[in-house]
Amino acid sequence: MANFDYYIDRKFTIWDREHYQIVAKDQQEANTIMLEHFNCGAQSDKLTPDDYEDLLDTREDLTPEENDGEATRELFTGTGGAESIRLADNIQK
């Protein structure tokens with residue numbers, strides 16, 4: 001008998017939390033700085049989080065419909081290297 005390795009990749013939606021410490025003369029100025037950063041979205045490079053954490057209790061499976069019809073679960077042989085072969089996903093018939 002031989003051993004065979006497999007793995008499943010799964011796509012999720014999850015919240016993460018970014019932590020910031022703002023140096024300002026008062027709370028109002030700190031609020032203004034953070035609101036400006038927040039409203040810039042992903043384009044803001046003025047502030048960098050001091051730390052972040054994944055909020056694991058918010059993790060939810062993503063369906064193919066929510067992923068533009070693309071797979072959100074894939075089954076592979078191997079251990080994740082170049083030799084791995086995809087055997088199935090959750091959109092194949």
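Residues numbered from 1 in each chain as written. Predicted model: local features only at pLDDT ≥ 70, side-chain atom pairs only at ≥ 80, totals over all residues. Heavy atoms only, no water.

*Asks:* An account of the pattern of salt bridges is needed here, citing residue identities and associated values.
*Replies:* Taken as a whole and assessed by the stated rule, the structure comprises three salt bridges. Put simply, Asp89 and Arg86 hold a salt bridge, and the shortest N to O gap is 3.5 Å. (Salt bridge = Lys/Arg side-chain N within 4 Å of Asp/Glu carboxyl O.)

*Asks:* Run through unusual backbone geometry, naming residues and quoting values.
*Replies:* Here the phi dihedral of Asp68 falls at roughly 55°; this positive angle occurs in a residue that is not glycine. Among the secondary structure elements, Asp68 is positioned in the loop between β5 (60-61) and β6 (73-77). (Helix = DSSP H or I, 4+ residues; strand = E, 2+ residues; numbered from the N terminus.)

*Asks:* Outline helix α1 (residues 27-40), supporting the account with residue identities and numerical values.
*Replies:* For α1, spanning 14 residues, the distance from its first C-alpha to its last is 20 Å, which sits close to the expected 20 Å at 1.5 Å a residue. Two or three places before Gln28, at the start of α1, stands the capping residue Asp26, its side-chain oxygen 3.3 Å from that residue's backbone nitrogen. Immediately beyond the C-terminal end of α1, within one or two residues, lies Gly41, with a positive phi of roughly 65°. (Expected span 1.5 Å × (residues − 1). Polar contact = N/O pair within 3.5 Å; in protein donor to acceptor, adjacent residues only side chain to side chain.)

*Asks:* How would you explain the sheet that holds strand β1 (residues 6-10) if you had to name every residue and give the values?
*Replies:* Spatially, the three strands line up as an open sheet ordered β1-β6-β7, and their pairing is antiparallel. Edge positions in the sheet fall to β1 and β7 (86-89), since each has one partner strand and no second. Sheet twist, expressed as the mean angle between neighbouring strand axes with direction ignored, is 20°. With three bridges joining them, β6 and β7 adopt antiparallel strand pairing. Bridged to Phe76 within β7 is Arg86. (Pairing = 2+ DSSP bridges. Axes fitted to C-alpha atoms, helices over the stretch in contact; angles between N-to-C directions.)

*Asks:* Could you give me a rundown of the packing of aromatic side chains, with the residues and numbers involved?
*Replies:* Summed over the entire model, instances satisfying the criterion amount to one aromatic pair. One cation-aromatic arrangement involves Arg59 over Phe12; the distance from NZ or CZ to the ring centre is 4.0 Å. (Phe/Tyr/Trp six-rings, centres within 6.5 Å; stacked < 30°, edge-to-face > 60°. Lys NZ or Arg CZ within 6 Å of the ring centre and 35° of its normal.)

*Asks:* Could you give me a rundown of the side chain of Thr72, with the residues and numbers involved?
*Replies:* In this fold, Thr72 is placed in the loop between β5 and β6. Within the structure, the side chain of Thr72 is placed 2.7 Å from the backbone oxygen of Leu62, a separation counted as a polar contact. Engagement of the side chain of Thr72 in a polar contact is seen with the side chain of Asn90, the distance being 2.8 Å. The contact partners of Thr72, leaving out residues within four places of it in the chain, are Asp9, Arg10, Lys11, Leu62, Thr63, Pro64, Asn67 and Asn90. (Contact = heavy atoms within 4.5 Å.)

*Asks:* Any chance you could break down a negative patch on the surface for me, citing the residues and the numbers?
*Replies:* On the surface, Asp16, Glu18, Asp50, Asp51, Glu53 and Asp54 cluster together into a negatively charged patch. At the level of secondary structure, the elements contributing two or more residues to the negative patch comprise β3 (16-19) and β4 (51-54). By residue number, the principal contributor to the negative patch is β4, which donates three residues. Looking at where Asp51 falls in the secondary structure, it is placed in strand β4. (Patch = residues over 30% accessible without salt bridge, like charges linked within 9 Å, V, L, I, M, F, W, Y side chains within 5 Å. Areas by Shrake-Rupley, 256 points an atom, 1.4 Å probe, with all protein chains shown as cover. Lys, Arg positive; Asp, Glu negative; His and termini not counted. Charge placed at Lys NZ, Arg CZ, Asp CG, Glu CD.)

All we've got here are geometric facts, nothing functional implied.
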